[in-house]
Amino acid sequence: MIITPNHSHVDNTGKCFLPYLSNWNPQCDLVGLASEASKVFGQNPPVRTKPKPRNPPPSYNQPYENPPSYGTATNGNPSYNTGGNPYASNPGYPRSNPYPNPNPNPYPNISNKPNYPPSTNTSPYPNEPKRQIPFEDPAEVQSRNIKNMLIQKIKQKLNERNQKSSEEISQLMKDTSTLNEAVEMLNKEKENLLRRRENIEQTITNLNLQIDEISSWVAEHQQTTEEVDLDKMSEPKDVIQLQKLELIAEIQSVEDLQYCLDTALRKSLIDLPTYLKQTRLLSSRLFMRKALLLKICKISDV
């Protein structure tokens, strides 16, 4: 028995290719496989009877049936025993055919050809077997598919995780930058608070000194029985202090006038051009008085 060449379900090595095997699933079993194989192979058997070997062709290099025998003649020349050749009676070299053909037909039995089976192949070359798709185990195919599916899912998860991590890193960088800016602002505020603390402590020290001076003055003048003139006590000591007092009073009066102008404009007691004109004059006057006051305070170190 031999495997049928170019079979649709069996290759030359004997591997079977059945739809039942290719679509194997947990509901499949050996009974169903045997039934499917029996049905398919019943319609198209995968094996056949091995053909008988062909008879070998006849050999044309056969030896002579009656080879001539060479003897010794009485006169010293060789004698030829030709086996019934008519030229054997003539001693010496024959005239025409010294070596007769023992078989007049050089191709014996040429008409009796062996009976070969009919050949359907008209091509001088044998039919090449069709290429068969290599058989793959369904379990291996399923395992490979599962592996590829897992790899795709893992890649998808990794890409999502990388994208999420990138977004988180970007957000963390933004938060870090914001925190750094906040730290710088806090440091600046801390420095400002420290400077203000120093100023406040210095002010407290000055106030304590003034309180001590006032307390000592009160202690000195508390036991005096003389009447104290308040007007004289409020008079400035020198010309500079008098000028400062007058400037402060004038500045306060100008600010009061500006407030009155604002109230009059709001109540529509004066028109806008008049308000602007008087505000301009008062502002110029106020500026000059404040500049003079600052200059006097700088000279007197107050």
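Residues numbered from 1 in each chain as written. Predicted model: local features only at pLDDT ≥ 70, side-chain atom pairs only at ≥ 80, totals over all residues. Heavy atoms only, no water.

**Brief notes about the overall build of the chain**
Then step 1. What the chain contains, in helices and strands, is six helices and four strands.
Then step 2. A separation of at least 24 residues holds for 62% of the contacts in the chain among residues at least 6 apart in sequence.
Then step 3. Summed over its atoms, the accessible surface of the chain is roughly 26800 Å², and 56% of this surface lies on carbon and sulfur atoms. (Helix = DSSP H or I, 4+ residues; strand = E, 2+ residues; numbered from the N terminus. Contact = heavy atoms within 4.5 Å. Areas by Shrake-Rupley, 256 points an atom, 1.4 Å probe, with all protein chains shown as cover.)

**Thoughts on the pattern of salt bridges**
Then step 1. One pass over the structure, following the stated rule, counts four salt bridges.
Then step 2. Put simply, arginine 197 and glutamate 201 hold a salt bridge, and the shortest N to O gap is 3.2 Å. Of this pair, arginine 197 and glutamate 201 both sit in helix α3 (residues 138-221), four residues apart, which is roughly one turn of the helix.
Then step 3. Accessibility expressed as a relative area gives 53% for arginine 197, which makes it exposed.
Then step 4. Judged by its relative accessible area of 41%, glutamate 201 is partly exposed. (Salt bridge = Lys/Arg side-chain N within 4 Å of Asp/Glu carboxyl O. Buried < 20%, exposed > 50% of the residue type's maximum accessible area, 1.4 Å probe, protein only.)

**Here's the deal with unusual backbone geometry**
Then step 1. One non-glycine residue, serine 268, lies in the positive phi region at around 60°.
Then step 2. The topology assignment puts serine 268 in the loop between α5 (239-266) and α6 (272-300).

**Things to note about the confidence of the model for the chain**
Then step 1. Mean pLDDT over the chain stands at 77; residues scoring 70 or higher make up 70%.
Then step 2. Overall, residues 70-76 carries pLDDT values under 50, and its contacts beyond four positions in sequence, including any with other chains, amount to nine contacts.
Then step 3. Of the regions scoring below 50 in pLDDT, residues 78-94 engages in 16 contacts with residues more than four places distant in sequence or in other chains. (pLDDT = per-residue confidence, 0-100.)

**Regarding helix α2 (residues 30-43)**
Then step 1. The end-to-end C-alpha distance of α2 is 20 Å, a good match for the 20 Å that 14 residues give at a rise of 1.5 Å each.
Then step 2. Restricting attention to buried positions, one finds in α2 the residues Leu33, Ala37 and Val40. Buried residues along α2 cover an arc of 70° about the axis, so they all sit on one side. In this structure, α2 carries Val31, Ser38, Lys39, Gly42 and Gln43 as exposed residues pointing more than 90 degrees from its buried face.
Then step 3. Those residues of α2 hidden inside the fold are in contact with α1 (19-22). (Expected span 1.5 Å × (residues − 1). Arc of directions from axis to C-beta.)

**With respect to the packing of α5 against α6**
Then step 1. Packing of α5 against α6 leaves a shortest axis separation of 9 Å and a crossing angle of 160°. When the axes of α5 and α6 are compared, the pair comes out roughly antiparallel. Every pair of crossing elements has a handedness; the one defined by α5 and α6 is left-handed. (Axes fitted to C-alpha atoms, helices over the stretch in contact; angles between N-to-C directions. Parallel < 35°, antiparallel > 145°, perpendicular 65-115°, else oblique. Left-handed = near helix turned anticlockwise from the far one by under 90°.)

**So, the nonpolar core**
Then step 1. If you look at the biggest cluster of nonpolar residues, it comprises ten residues: Leu247, Ile251, Val254, Leu261, Tyr275, Leu282, Leu286, Leu293, Ile296 and Cys297.
Then step 2. Only α5 and α6 provide two or more residues apiece to this core.
Then step 3. Of all the elements, α6 adds the most residues to this core, at six residues.
Then step 4. When near neighbours in sequence (up to four residues on either side) are disregarded, tyrosine 275 contacts Leu261, Asp262, Leu265 and Ile270. (Core = buried A, V, L, I, M, F, W, Y, C linked by side-chain atoms within 4.5 Å.)

**Considerations on a nonpolar patch on the surface**
Then step 1. Nonpolar side chains collect at one region of the surface, where Ile214, Trp217, Val218, Leu230 and Met233 lie side by side and expose about 520 Å² of accessible area between them.
Then step 2. Put simply, the parts of the chain that give the nonpolar patch at least two residues each are α3 and α4 (230-234).
Then step 3. Sort the elements by how many residues they give to the nonpolar patch and α3 lands first, with three residues.
Then step 4. When you line up the elements, isoleucine 214 lands in helix α3.
Then step 5. On the accessibility criterion, isoleucine 214 (54% relative accessible area) is exposed. (Patch = residues over 30% accessible without salt bridge, like charges linked within 9 Å, V, L, I, M, F, W, Y side chains within 5 Å.)

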